[in-house]
Amino acid sequence: AAGGAIQDLLVGTESLAEEPDGGDSEAYGKHKPACSGACLLADVGSLNLMPLSAGLIIVPCAFWFGLCAPELVTLPMGGLAPVIVALTMLTSLSALTLAWVTEPGILPHMRLEEEKERDNEEEEADGETTLKRNKGKRRFVVPWNGQHYPLSLFRAKICRETGAAVERFDHFCPWVGNVVGVRNHRYFVIFTIFTSAVALEVFVSSMYLGASAHKLNLKPSARVVSLVLATYTAIIMLAVGGLMCYHLDLVANNESTNERLKGVWGYRRNPYNKGVIANCHEFWCKPTRRSYVSDDSKGPDVPMPLLSNV
């Protein structure tokens, strides 16, 4: 029975990939078409802190390039520092942008009203018979191929901030202005890695300049900026670096933030966990699946996880 259900799910997936429900001309929750329909952006208003994230990277790096880098290039091998910081910063900003503009893995969904066997039932309490009215239970499903599939088969959740159902939902991140799901989680992790890296590079070089100010005859302004940058990047390393380590652990265990916080696999085996090496290979090397809500998603595509143990 389980094998038949899985086969039905995969067939339904192929049908969705070949005949996508809607396109980038349609809105899904708060995800609305942008860039002439080339992408879907989450219209979450003040919850979108992506420009602020970019600014928190660009502004301190600009001060570093303006006041610290000129002092470093005079040192042996110091000319490499601006190149390394520039490449790391650009990679971080690119990953941030991709995490923001990439459709996170939206699934078409609908709400069903489950009717109970009896609309009314009698209940006896304290020797008196009362009439209890049963209301239908609401649940969300993914409809396609003439069938309804539960969100759990896709490790999906209805995002509270955007109202969209997202496959392998991780969390909504205001710092990237988007939901993190199956299609942009990789970009989000890359963003945390390279943001931590650029913070480490600026921290080390700034600390060196601050500690060697008298020896290098630094200008007072350069020394002050270097110490401020060292303090700032230390905070960034602790915050973003901790987030990076957390998500790398999730990747190694093939688990999402949503699943871990809810303890989904706390008392039973995670059927998606294939071991650290296989999990990392799947996350980093597997091509990103096509969008189910994009006009260019036509063609065979079966991205569903193995569900034989669910």
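Above: the structure in question.
Residues numbered from 1 in each chain as written. Predicted model: local features only at pLDDT ≥ 70, side-chain atom pairs only at ≥ 80, totals over all residues. Heavy atoms only, no water.

Draft legend 1. Examining the overall build of the protein more closely. Counting its secondary structure elements, the protein contains eight helices and twelve strands. Of all 310 residues assigned to the protein, the portion counted as buried reaches 42%. Partitioning the intrachain contacts of the protein with sequence separation of at least 6 by distance along the chain shows that 65% fall at a separation of at least 24. (Helix = DSSP H or I, 4+ residues; strand = E, 2+ residues; numbered from the N terminus. Buried < 20%, exposed > 50% of the residue type's maximum accessible area, 1.4 Å probe, protein only. Contact = heavy atoms within 4.5 Å.)

Draft legend 2. Structural detail: the sheet that holds strand β10 (residues 165–166). As summarised here, the arrangement of the three strands in space is β3-β10-β9, forming an open sheet in which the pairing is antiparallel. Every interior strand has two partners, whereas the edge strands, β3 (106–107) and β9 (157–158), have only one. As paired elements, β9 and β10 share two bridges and run antiparallel to each other. In the sheet register, isoleucine 158 faces β10, and the bridge partner there is alanine 165. (Pairing = 2+ DSSP bridges.)

Draft legend 3. Quick look at the side chain of arginine 183. Residue position: arginine 183 is located in the loop between β12 (178–180) and α4 (185–211). Using a relative accessible area of 14% as the deciding quantity, one classes arginine 183 as buried. Reaching out from arginine 183, the side chain makes a polar contact with the backbone oxygen of arginine 289 at a distance of 2.8 Å. Apart from residues no more than four positions distant in its own chain, arginine 183 is found in contact with Thr102, Glu103, Pro104, Gly105, Thr288, Arg289, Arg290 and Ser291. (Polar contact = N/O pair within 3.5 Å; in protein donor to acceptor, adjacent residues only side chain to side chain.)

Draft legend 4. Just unusual backbone geometry, in detail. Positive phi values are uncommon outside glycine, yet arginine 168 reaches one of about 45°. Look at arginine 168 and you get buried, because its relative accessible area is 18%. In this model, asparagine 254 sits at a positive phi of 50°, which is unusual for a non-glycine residue. Among the residues examined, asparagine 254 registers a relative accessible area of 9% and is labelled buried.

Draft legend 5. Highlighting the packing of aromatic side chains. Enumeration according to the criterion identifies three aromatic pairs in this entry. Their ring planes at 85° and their centres at 5.1 Å tell us that tryptophan 64 and phenylalanine 65 sit as a pair that is edge-to-face. An angle of 85° between the planes, with centres 4.9 Å apart, marks the rings of phenylalanine 283 and tryptophan 284 as edge-to-face. Take phenylalanine 283: its relative accessible area is 10%, and that puts it in the buried class. For the cation-ring pair, arginine 155 lies above tyrosine 272, with the distance from its terminal atom to the ring centre recorded as 4.0 Å. Positioned above the aromatic ring of tyrosine 292, the side-chain terminus of arginine 289 is 4.0 Å from the ring centre. (Phe/Tyr/Trp six-rings, centres within 6.5 Å; stacked < 30°, edge-to-face > 60°. Lys NZ or Arg CZ within 6 Å of the ring centre and 35° of its normal.)

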